[in-house]
Amino acid sequence: MLYYWLKYMMQFTLSVFYRKRKFIGFDNVPEKGAVIFACNHPNSFLDAMIIGAFIKRETHFLARSDVFNSPLKLWILSQFKMMPIYRLSEGKEDLGKNKETFEKCHAVFRKGGAVLMFSEGICVQEMRLRPLKKGTARIAMEYSKDGSPLTIIPTGLNYMKPTEAREDVVISMDTPFNAADYAAEYNENQAKAIQSFNKRLQTGLQNAVIDIRDKANEKSIAQLVEVVHNDTDGDLKEMIEKVSGLNPADNDVSLFENYKAALAKYKITDEIVAGKKLSGWLLLPALFVFGIAFWVYLIPVGAAFRLVKKKIKLVEFHDSVLIGATVIFTFLYWLAIFFTVGALVNYVFSLALVTIIVILASLAGVSYDVMKSVRLSNVFEKINEKEKRELREMRDQISNWSSVSNLVKPHQSHHPVG
């Protein structure tokens, strides 16, 4: 029961935290039967939270063992159905404990359950698909070596701006395959079968993950991704195709760098340059709703922010802890309000009050979007016409950018406007 309460609370919180959540290929998820969601891993526990919250099936998760380092953490993570996975970097002496975790996964599969695995084996916050480890393949093929069916679904998480609230996330699931298809090869040659399995999984993930290979220019190329995302309403295929032709040795990314610098100079966003803005008529109701919601949520959300600021040093864990703490603190806060007001007045009034609070929370994110859009639109309008035109021209060049034409035509020199 607690798992489903947390699941619904997580859905609600993520719906407020993220402006748009785009789901691709979720019809590939079978209603029953053993499943592995084989996923990339850019954003720590938040990756598991998003998959677990929005997939209809009950899902178990593998998480790095060092986070299960206290009874409280062990209890909380177990409520999210997380199981520890032991890595060499966390101590060679504990690697043997993985056998127990693998057996727990197999027990889930035998009951027709689902497990989420992060097949890269490491969490790094970047738009890049990293080399796959052997763990997913080993767990899958040890289970399926007798021909037992096990559906593998390559799953990609793509955060447009992972460190910012009210941004977009695209979750994509590619065509599933059956681990049992590799059973004969695995029984004959395990190493070769693991390689074949990972090659198939890699292909699926390449269809589901924005993969910027040019690490040195990743932030600049991410500006291209943002433009395509805004132009196509999150067309993942288009975003992947745009960056797949980028070769660090052959491509000039100065256009992206200069546009990014120009946006930073004027403190505006690509959406504003593209002409995507929300109506100013919504500003007054947005201010009203957000103002009330701010004071209502000052205690639980403020506590979550303080926890992150005090305890979290790595950027990969920032959003995960913030959202997880917000879910728990808000849930306890709502319970406290319900029982306190119920005892002082009556529980009918208390239920109505909590319902109003929930509605305000759901509208807080949209209200924030309106205020931000109106503010940035006003900033953009104050820019002189020549510089606005130059910004739009730079954006048009990026929007129409082609990896093929970029390879055969030399770029003109671009400079930030102003």
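Since this is a predicted model, take the numbers as computed values, not measurements.

Asker: Is there a simple way to think about the pairing of strand 5 (residues 114-118) in this case?
Answerer: If a strand is regular, its side chains alternate between the two faces of the sheet. For strand 5, a buried count of five out of five residues is recorded, marking the element as mostly surrounded by other parts of the structure. Neither face of strand 5 is left uncovered, since the one carrying A114, L116 and F118 and the one carrying V115 and M117 both have all their residues buried. Bridge analysis of strand 2 (residues 35-39) against strand 5 gives five bridges, and the strand direction is parallel. Paired with A38 across the bridge in strand 5 is M117. Sheet topology places strand 3 (residues 59-64) next to strand 5; three bridges connect them, and they run parallel. The residue bridging H60 from the neighbouring strand is V115, located in strand 5.

Asker: When you look at the pattern of salt bridges in this model, what are you seeing that I'm missing?
Answerer: Side-chain pairs of opposite charge can arise whenever the charged atoms involved come near each other. Inspection of the entire model under this criterion finds 18 salt bridges. For E271, the salt bridge identified is with R19, shortest N-O distance 2.9 Å. Here E271 is found in helix 11 (residues 270-273), whereas its partner R19 is found in the loop between helix 1 (2-17) and strand 1 (20-24), with 252 residues between them in sequence. The salt bridge partner of K388 is E385, with a shortest N-O separation of 2.9 Å. One end of the pair, K388, and the other, E385, are both in helix 16 (residues 385-399), three residues apart, so they sit about a helical turn from each other. With a relative accessible area of 3%, K388 lands in the buried category. Exposure remark for E385: the relative accessible area of 52% places this residue in the exposed category.

Asker: Would you mind going over the packing of aromatic side chains with me for this structure?
Answerer: The geometry of an aromatic ring pair is captured by the separation of the ring centres together with the interplanar angle, meaning the angle of the planes. Evaluation of the coordinates by the stated rule reveals 15 aromatic pairs. With a centroid separation of 5.1 Å and 80° between ring planes, the pair formed by F17 and Y18 is classed as edge-to-face. The aromatic ring of F380 is capped on one face by K388, whose charged end is 5.6 Å from the ring centroid.

What counts and how
Residues numbered from 1 in each chain as written. Predicted model: local features only at pLDDT ≥ 70, side-chain atom pairs only at ≥ 80, totals over all residues. Heavy atoms only, no water. Buried < 20%, exposed > 50% of the residue type's maximum accessible area, 1.4 Å probe, protein only. Helix = DSSP H or I, 4+ residues; strand = E, 2+ residues; numbered from the N terminus. Pairing = 2+ DSSP bridges. Salt bridge = Lys/Arg side-chain N within 4 Å of Asp/Glu carboxyl O. Phe/Tyr/Trp six-rings, centres within 6.5 Å; stacked < 30°, edge-to-face > 60°. Lys NZ or Arg CZ within 6 Å of the ring centre and 35° of its normal.

Remember, this is a structural readout, not a statement about activity or role.
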